[in-house]
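Residue-level listing of the chains:
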Protein chains: 2
Amino acid sequence: MKSVPHRKSDQGRVVAICGGVGGAKLALGLSRAVGSDLTVIVNTGDDFEHLGLAISPDLDTVLYTLAGVANKELGWGRADETWNFMDALRHLGGEAWFQLGDRDLALHVQRTQQLNSGVSLTSFMQKAARQHNIAATILPMSDDPVRTMLSTSRGRLAFQRYFVEHRCAPQVNGIFFEGAEDARPSNEVLSALQAPDLRAVIICPSNPYLSIDPILAVPGMRSLIEGAKAPVIAVSPIIGGAAVKGPTTKIMAELGVPSTSRSIARHYGGLLHGLIIDADDAAEGDEIRSLVHAVPTLMKTDQDRDRLAREALKFADQITADLRQKARASM
Amino acid sequence: MKSVPHRKSDQGRVVAICGGVGGAKLALGLSRAVGSDLTVIVNTGDDFEHLGLAISPDLDTVLYTLAGVANKELGWGRADETWNFMDALRHLGGEAWFQLGDRDLALHVQRTQQLNSGVSLTSFMQKAARQHNIAATILPMSDDPVRTMLSTSRGRLAFQRYFVEHRCAPQVNGIFFEGAEDARPSNEVLSALQAPDLRAVIICPSNPYLSIDPILAVPGMRSLIEGAKAPVIAVSPIIGGAAVKGPTTKIMAELGVPSTSRSIARHYGGLLHGLIIDADDAAEGDEIRSLVHAVPTLMKTDQDRDRLAREALKFADQITADLRQKARASM
């Protein structure tokens, strides 16, 4: 934070940075807390072309979650889904390793057509969010393609092949973001992170390696976050030495990193003003050099999401207040 | 027929030429009669790209009809269909004037992907037919794009816009087959029509102007049919002065042609060895210069389809027998 903001400490715009399921839960809590003041910057490293269709798994998870139509049983895709397309595709001998529901398919077909006719992914997602009556703004981290590739015990794998087809079984020994060097943050991402009335930048409890790192790999993104006129806080995805969902813990082990919030703090390094860790891991707080706030971080219900969102905002507001006080003291 | 065939008169290969619904019914009857001896050459003038997908309405109608999965209530698309894709697409503000069922969509997505990867429409449809356990061969009239365009009271309209979006309401004053001059019959179409053991070429009771003419507009097709070593017969789509389905009668009126089987005979001209007309129009037979056979042509049940298929084959076999006798008499 270069300067002391002039807004009231509990007002202003909020940026959430996230991947799919786990991150989207906190994004939902934040959208319920601040509505149209929220901008969610979402990982597109998992995007891929499948059956000729442009698929954006994390953007769609955030869209469906914020629209209240996410499939809670599956943890991906849409609620009230049917699978007749997949049945017929399988019958035709089509590629069936990646499940696409009948309703979900509309988003992919429409997106593919729009992208092919020159519409940006950013514009498409903004229109889709409006059509789902979402007040928050959902932005891809970039309109340029970035593809997360994993160097594994079964060779180089694109993310969805690793995650869905191989069910995260191969051992990971390296993660690369193809195309990242040529990608740029969109104007909308720039504006969101440069907002003069920014209240907080919240890195959601997504997988730091697979969901947040691709975002930080976009040239300029890290300095935009560092230059934001608001505290940057992260919510650790680790609870009691393990991640709630997905391959975070497995990948951390394979990369030789202990599955602790301390590792998360170290991973994000100087980017953070504060880290929220789970109340059960409060003891770990003393070992972490970042400012730490320990609260329950498991999100099972909307109440959990709302509470964690409020805690994250309160934590950011407290950091802002402390910084203001320090600034006044040094005047 | 250039030479007298040496096969037995009730054996050999059969080529059916058809468009969508009406024609497909007779193609089904023929496939039940002769199985793998049948090749169906299908109109692709109605094909179009929609939502970025390659749609082939007549090919798909023939595929679904011969596979026994056609939607009999709707007259198009698949049986046991669901519409959740369309619901979601409408919600997203997508183009909803052309209905695509969830199961049906698999065929379009798979075809689009295959065509984009260099597979021919002919190969794709042959594989799809095998996957649907269809013994007959279903061939597009050409692998080159031909697009039926209508000059109408509401301007120039692509076929599906006229047929589906405008529900055939505009007055038609001209029909054009864009791309036809550059199209070629595929090798598979060539082989089917040049088969030495050909028993009959049967032009199904499809719309002559919209479904059969695009096929005949492919350069070389008409002479292939004329050179076929078998009688060419057509089944008139007119019953009692009107077509059973679709805009045939309306278009004939708009083009200034009476809705009679006589007009059909005149339209196909020298191509035919014989014309099957409906029993109710038997009186018309005397006025038609082609050899005419009058039988019930309305196909409501599978029995109707089987009976008309048998009548068509018998009629062709009789023409062959007559021609043989004449050839012997002139020796």
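Refer to the structure above for everything that follows.
Let me begin by describing the structure that accompanies this report. (Residues numbered from 1 in each chain as written. Chains lettered and ligands numbered in written order. Predicted model: local features only at pLDDT ≥ 70, side-chain atom pairs only at ≥ 80, totals over all residues.)

### Comments concerning the overall build of chain A
Secondary structure summary: chain A contains twelve helices and 14 strands in total. Over its C-alpha atoms chain A spans a radius of gyration of 19 Å, differing by no more than 12% from the 20 Å that the globule rule assigns to 331 residues. For chain A, the C-alpha atoms occupy an extent of roughly 70 × 40 × 40 Å along the three principal directions. Relative to its full complement of 331 residues, chain A shows a buried share of 51%. (Helix = DSSP H or I, 4+ residues; strand = E, 2+ residues; numbered from the N terminus. Rg over C-alpha atoms; globule rule 2.2 N^0.38 Å. Buried ≥ 20, exposed ≤ 12 C-beta atoms within 10 Å, placed from the backbone.)

### Things to note about the relation of the copies chain B and chain A
To go from the first copy of the chain to the second, apply a rotation about an axis and then a shift along the same axis. Least-squares fitting of chain B to chain A yields an RMSD of 0.0 Å, with the superposition described by an axial translation of 0.0 Å and a rotation of 180 degrees. On the angle and the small slide along the axis, the relation comes out as a two-fold axis. Of every C-alpha in chain B, the one belonging to Asp102(B) sits nearest the axis of rotation, 2.9 Å from it. In this assembly, 100% of the residues forming the interface of chain B have copies in chain A that are likewise at the interface, indicating an isologous arrangement. (Least-squares fit on C-alpha atoms with pLDDT ≥ 70 in both. Contact = placed C-beta atoms within 7 Å.)

### Considerations on the interface of chain B and chain A
Taken together, the contacts link 24 residues of chain B with 24 residues of chain A. Mapped onto the side of chain B that touches chain A, the elements with two or more residues apiece are α3 (84–91), α4 (102–116) and α5 (121–131) of chain B. Looking at the side of chain B that touches chain A, the element that brings in the most residues is α4(B), giving ten residues. By residue class, the composition of the side of chain B that touches chain A is ten nonpolar, eleven polar and three charged. (Nonpolar A, V, L, I, M, F, W, Y, C, P; charged D, E, K, R; others polar.)

### A word on the packing of helix α1 (residues 21–34) of chain B against helix α12 (residues 302–329) of chain B
Residue and element names in this part refer to chain B. Viewed as axis vectors pointing N to C, α1 and α12 meet at an angle of 75 degrees, and their least axial separation amounts to 8 Å. By the angle class used here, α1 and α12 are roughly perpendicular. The segment α1 lies against α12, with Lys25, Leu26, Leu28, Gly29, Leu30, Arg32 and Ala33 engaging Arg305, Asp306, Leu308, Ala309, Arg310 and Leu313. Tallied by class, the residues present in the contact of α1 with α12 amount to seven nonpolar, one polar and five charged. (Axes fitted to C-alpha atoms, helices over the stretch in contact; angles between N-to-C directions. Parallel < 35°, antiparallel > 145°, perpendicular 65-115°, else oblique.)

### Here's the deal with the packing of helix α1 (residues 21–34) of chain A against helix α2 (residues 57–67) of chain A
Residues and elements named next belong to chain A. The interhelical angle for the contact between α1 and α2, taken along N-to-C directions, is 40 degrees, at an axis separation of 9 Å. Between α1 and α2, the angle is such that the two are oblique. Taken as a pair, α1 and α2 cross one another with a handedness that is right-handed. Here Val21, Ala24, Lys25, Ala27, Leu28 and Ser31 of α1 lie close against α2, whose contacting residues are Thr61, Val62, Thr65 and Leu66. Per-class residue counts for the contact of α1 with α2 are six nonpolar, three polar and one charged. (Left-handed = near helix turned anticlockwise from the far one by under 90°.)

### Re the sheet that holds strand β7 (residues 155–158) of chain A
All names here are of chain A. With antiparallel pairing, three strands are arranged side by side in an open sheet as β7-β6-β8. Looking at strand neighbours, the two that pair on one side only are β7 and β8 (172–178), the edges of this open sheet. The sheet shows a mean angle of 25 degrees between the axes of neighbouring strands, taken without regard to direction. Relative to β8, strand β6 (residues 147–152) runs antiparallel, the two sharing six bridges. (Pairing = 2+ DSSP bridges.)

### What to know about the nonpolar core
Ala16(A), Ile138(A), Ala16(B) and Ile138(B) are the most contacted members of the largest nonpolar core, which has 176 residues in total. Those residues in contact with Ala16(B) that sit more than four places away from it in its chain are Leu26(B), Ala27(B), Leu30(B), Leu38(B), Val40(B), Ile202(B) and Cys204(B). Listed in part, the ten residues of the second largest apolar core include Leu150(B), Phe163(B), Leu210(B) and Met252(B). (Core = buried A, V, L, I, M, F, W, Y, C linked by C-beta atoms within 7 Å.)

### Section: α12(B)
All names here are of chain B. Taking 1.5 Å of rise per residue, 28 residues should cover 40 Å, and α12 covers 40 Å from first to last C-alpha, within 8% of that figure. Taken as a whole, α12 has its buried residues at Arg305, Leu308, Ala309, Ala312, Leu313, Phe315, Ala316, Ile319 and Thr320. Contact partners of the buried residues in α12: α1, β9 (198–203), β10 (232–235), β13 (274–278) and β14 (291–295). (Expected span 1.5 Å × (residues − 1).)

### Comments concerning the environment of Arg111(A)
Residues and elements named next belong to chain A. Within the secondary structure, Arg111 sits in helix α4 (residues 102–116). In the structure, Arg111 is positioned 191 residues away from Asp302 in sequence and 29 Å away in space, judged by C-alpha atoms. Those residues within four positions of Arg111 in sequence are excluded, and the remaining contacts are Ala54 and Phe124.

### Some points on the sheet that holds strand β5 (residues 137–140) of chain A
Residues and elements named next belong to chain A. One open sheet accounts for seven strands, arranged β5-β2-β1-β9-β10-β13-β14; its pairing is parallel. The two strands at the open ends of the sheet, each matched to only one other strand, are β5 and β14 (291–295). Averaged over all pairs of adjacent strands, the angle between strand axes in this sheet comes to 20 degrees, irrespective of strand direction. Two elements, strand β9 (residues 198–203) and strand β10 (residues 232–235), share three bridges in a ladder whose sense is parallel. Bridge pairing in β10 places Ile202 opposite Ile233.

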